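Close look at the chain arrangement
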Amino acid sequence: MNEIEILKQELAATIRAYNLKGWSPATSTNYSFRTKLDTELIYVSRSGVDKSLFSETDFIEIDRLGQPKSGNNIAIPSAETLIHCVLYDLFPETGVILHSHSVYPVLISQKLQNNIHFTGYEIQKGFSGQISHADEISIPIFENTQDMTAFSRVLIDNKAALDNHSFIIKKHGTYAWGETLFEAKRHLETLEYLCQCEWMSRND
Ligand SMILES: [Zn+2]
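Everything in this summary refers to the structure shown in the same document. Since the structure is predicted, the reported quantities are computational estimates derived from the model, not experimental observations.

**Details of the overall build of the protein**
- Counting its secondary structure elements, the protein contains five helices and eight strands.
- For 204 residues, the compact-globule estimate of 2.2 N^0.38 gives 17 Å, and the C-alpha radius of gyration of the protein, at 16 Å, lies within 12% of that figure.
- The buried share of the protein, taken over its 204 residues, is 37%.
- Long-range contacts, defined here as pairs at least 24 residues apart, represent 63% of the contacts in the protein between residues at least 6 apart.

**Focus on the pairing of strand S6 (residues 136–142)**
- Of the strand pairs in this sheet, strand S5 (residues 115–119) and S6 are connected by five bridges, and their pairing is antiparallel. Looking at S6, one finds that Phe 118 is bridged to Ile 137.
- Where S6 and strand S7 (residues 166–169) come together, two bridges link them in parallel fashion. Bridging from a neighbouring strand, Ile 141 pairs with Ile 168 of S7.
- Crossover handedness for the path S6 to helix H4 (residues 148–157) to S7: right-handed.

**Observations concerning the pairing of strand S8 (residues 173–178)**
- Where burial is concerned, most of S8 is hidden: six out of the six residues are buried.
- Of the two faces of S8, both are covered, the one formed by Gly 173, Tyr 175 and Trp 177 as well as the one formed by Thr 174, Ala 176 and Gly 178.
- Pairing geometry for strand S4 (residues 96–100) and S8, over five bridges, is antiparallel. Within S8, the residue paired with Ile 97 across the bridge is Trp 177.
- Of the strand pairs in this sheet, S7 and S8 are connected by four bridges, and their pairing is antiparallel. Pairing of Ile 169 across the sheet is with Gly 173, part of S8.

**So, helix H5 (residues 181–202)**
- With 22 residues, H5 extends 32 Å from end C-alpha to end C-alpha; this agrees with the ideal 32 Å at 1.5 Å per step.
- Those residues of H5 that sit buried are Glu 183, Ala 184, Lys 185, His 187, Leu 188, Thr 190, Leu 191, Glu 192, Leu 194, Cys 195 and Glu 198.

**Description of the packing of helix H2 (residues 81–90) against H4**
- Two numbers describe how H2 lies on H4: the axes approach to 9 Å, and their chain directions differ by 25°. Here H4 runs roughly parallel to H2, going by the angle between their axes. Along this stretch, H2 crosses H4, giving a crossing that reads as right-handed. In this structure, H2 contributes Leu 82, Ile 83, Val 86, Leu 87 and Leu 90 to the contact, and H4 contributes Met 148, Phe 151, Ser 152, Leu 155 and Ile 156.

**Brief notes about the sheet that holds S8**
- Pairing in this open sheet of eight strands is mixed, and the strands run S3-S2-S1-S4-S8-S7-S6-S5 from one edge to the other. The outermost strands of the open sheet, each flanked by one partner alone, are strand S3 (59–62) and S5. Each adjacent strand pair in this sheet contributes to an overall mean axis angle of 25°, direction not counted.
- Packing against the sheet, H2 makes contact with strand S1 (32–35), strand S2 (38–45), S3, S4 and S8, and its axis sits at approximately 150° to S2.

So, how was this worked out
- Residues numbered from 1 in each chain as written.
- Predicted model: local features only at pLDDT ≥ 70, side-chain atom pairs only at ≥ 80, totals over all residues.
- Helix = DSSP H or I, 4+ residues; strand = E, 2+ residues; numbered from the N terminus.
- Rg over C-alpha atoms; globule rule 2.2 N^0.38 Å.
- Buried ≥ 20, exposed ≤ 12 C-beta atoms within 10 Å, placed from the backbone.
- Contact = placed C-beta atoms within 7 Å.
- Pairing = 2+ DSSP bridges.
- Right-handed = clockwise from strand over helix to strand, strands pointing away.
- Expected span 1.5 Å × (residues − 1).
- Axes fitted to C-alpha atoms, helices over the stretch in contact; angles between N-to-C directions.
- Parallel < 35°, antiparallel > 145°, perpendicular 65-115°, else oblique.
- Left-handed = near helix turned anticlockwise from the far one by under 90°.

Right, dumping it as structure tokens:
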């Protein structure tokens, strides 16, 4: 099996596992990867798939602008595909992008404006570059929109605030990315855990 087929299987397994956590209800969320062999070619999850059943055949190939490659005309990429394209452009080392519609970021984001701060949590070190629980880190919270072109501009304008490889969309969910699936998972799971801790500690 080649590298692409292995990644399809591994990411599909991750998508099914995250669905069991309740992070992708009602066919929501989207995921993608690319390899260093061809960074112009992005494999993104097909729209409208029940994520509990997601398989390695549910990825479609798109170019850097989000256009399906020829032969893939039947399957539609997710509406949020442009977010993936912009993140790959902004952070060229990125190999995998994950998205979640989990409950805690949705809950806590509606109480906050612009960003959420975390300090004192051991798991903060799950973000690449963070070496101590004692530091304060900030994750951006962006307003939700259906206008993906406008949202792409927001990401470009806030590139400097994306240094922890993740962000929250208000009352929508989270995005996280990494050079590898292993690293992208670590970033997403770190943010999800932190949001859960903050929500529960503020509402106990
Ligand atoms: Zn979404």
